[in-house]
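Observations on chain architecture
Now for the letters of each chain:
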Amino acid sequence: MGKFLTILYLVVFSTYVFFTREPDFFGSEVTEGVIHFAKDSTGVTVPFAVYSVGKQPFRVNADYPFRSYYAGDKVEIIYTPEYPTRAAVNSWWGYWVTWQELLASIALLIGLFQIAKAVTRNPTPEGLLSELENHAPPRPRKRRKYD
């Protein structure tokens, strides 16, 4: 049961990730950006990816846990053509997989596994008997000696 749940988890999570990214992976365009450090609204210096669409420059926050950049690093930016301000740094950690979704999905997997174990742990005697009757080999049909 554990192998089945793990495979099911990987299939469902990868399908979820592939079709729920914002900006949308299928309808977006990709461009190159450069990392610059600037102060955000709270006054903390964070990395921003600066990119341009046409002649107009845009910037997107590139700060994400467990991901570090240096000033001048080149990154790939994915953005929605209709709304170039909707953009993200196209990286495995941060765009495709976020730590909130990963933790929530693992907690859901563990919770559902525990529920499945609790439901099947102590079956009633009547339930065991009905299961044995349903899975018992069929009795041979009595045949007449002369047909």
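Look above for the structure.
Residues numbered from 1 in each chain as written. Predicted model: local features only at pLDDT ≥ 70, side-chain atom pairs only at ≥ 80, totals over all residues. Heavy atoms only, no water.

Quick look at the packing of aromatic side chains now. Evaluated as defined, the whole model comprises 15 aromatic pairs. Ring geometry for Y9 and F13: centres 5.8 Å apart, planes at 10°, overall stacked. Taken together, the positions of Y9 and F13, both in helix α1 (residues 2–19) and 4 residues apart, correspond to about one turn of that helix. Residue classification places F13 among the buried residues on the basis of a relative accessible area of 15%. (Phe/Tyr/Trp six-rings, centres within 6.5 Å; stacked < 30°, edge-to-face > 60°. Helix = DSSP H or I, 4+ residues; strand = E, 2+ residues; numbered from the N terminus. Buried < 20%, exposed > 50% of the residue type's maximum accessible area, 1.4 Å probe, protein only.)

Membership of the largest hydrophobic core is limited to 12 residues, which are I35, A49, Y51, F58, V60, A62, Y69, V75, I77, Y79, A87 and V89. Taken together, the elements giving at least two residues each to this core come down to β2 (45–53), β3 (56–61), β4 (74–79) and β5 (87–89). The element contributing the most residues to this core is β4, with 3 residues. Leave out the neighbours within four places in its chain, and A62 touches I35, P47, F48, A49, R67, Y69 and V89. Among the nonpolar cores identified, the runner-up in size contains 10 residues, and V17, Y64, I78 and W93 belong to it. (Core = buried A, V, L, I, M, F, W, Y, C linked by side-chain atoms within 4.5 Å. Contact = heavy atoms within 4.5 Å.)

Below, the discussion takes up the pattern of salt bridges. Enumeration over the complete set of coordinates arrives at 2 salt bridges. Taking the shortest distance from any N to any O, the salt bridge between E101 and R21 comes out at 2.9 Å. Within this pair, whereas E101 is found in helix α2 (residues 99–121), its partner R21 is found in the loop between α1 and β1 (29–39), the two being separated by 80 residues in sequence. A salt bridge links K74 to E32, with the nearest nitrogen and oxygen atoms 3.9 Å apart. On the criterion of sequence distance, the pair formed by K74 in strand β4 and E32 in strand β1 is long-range, its members being 42 residues apart. Of the residues examined, K74 reaches a relative accessible area of 60% and is grouped as exposed. (Salt bridge = Lys/Arg side-chain N within 4 Å of Asp/Glu carboxyl O.)

Our next topic: the pairing of β2. Where β1 and β2 come together, 6 bridges link them in antiparallel fashion. Paired with F37 across the two strands is P47, which belongs to β2. Between the antiparallel neighbours β1 and β2 lie 5 residues, among them G43 with a positive phi of about 90°. Bridge analysis of β2 against β3 gives 6 bridges, and the strand direction is antiparallel. Looking at the pairing, A49 lines up with V60 of β3. Linking β2 back to β3 in an antiparallel pair, the connection comprises 2 residues, with G54 at a positive phi of about 70°. (Pairing = 2+ DSSP bridges.)

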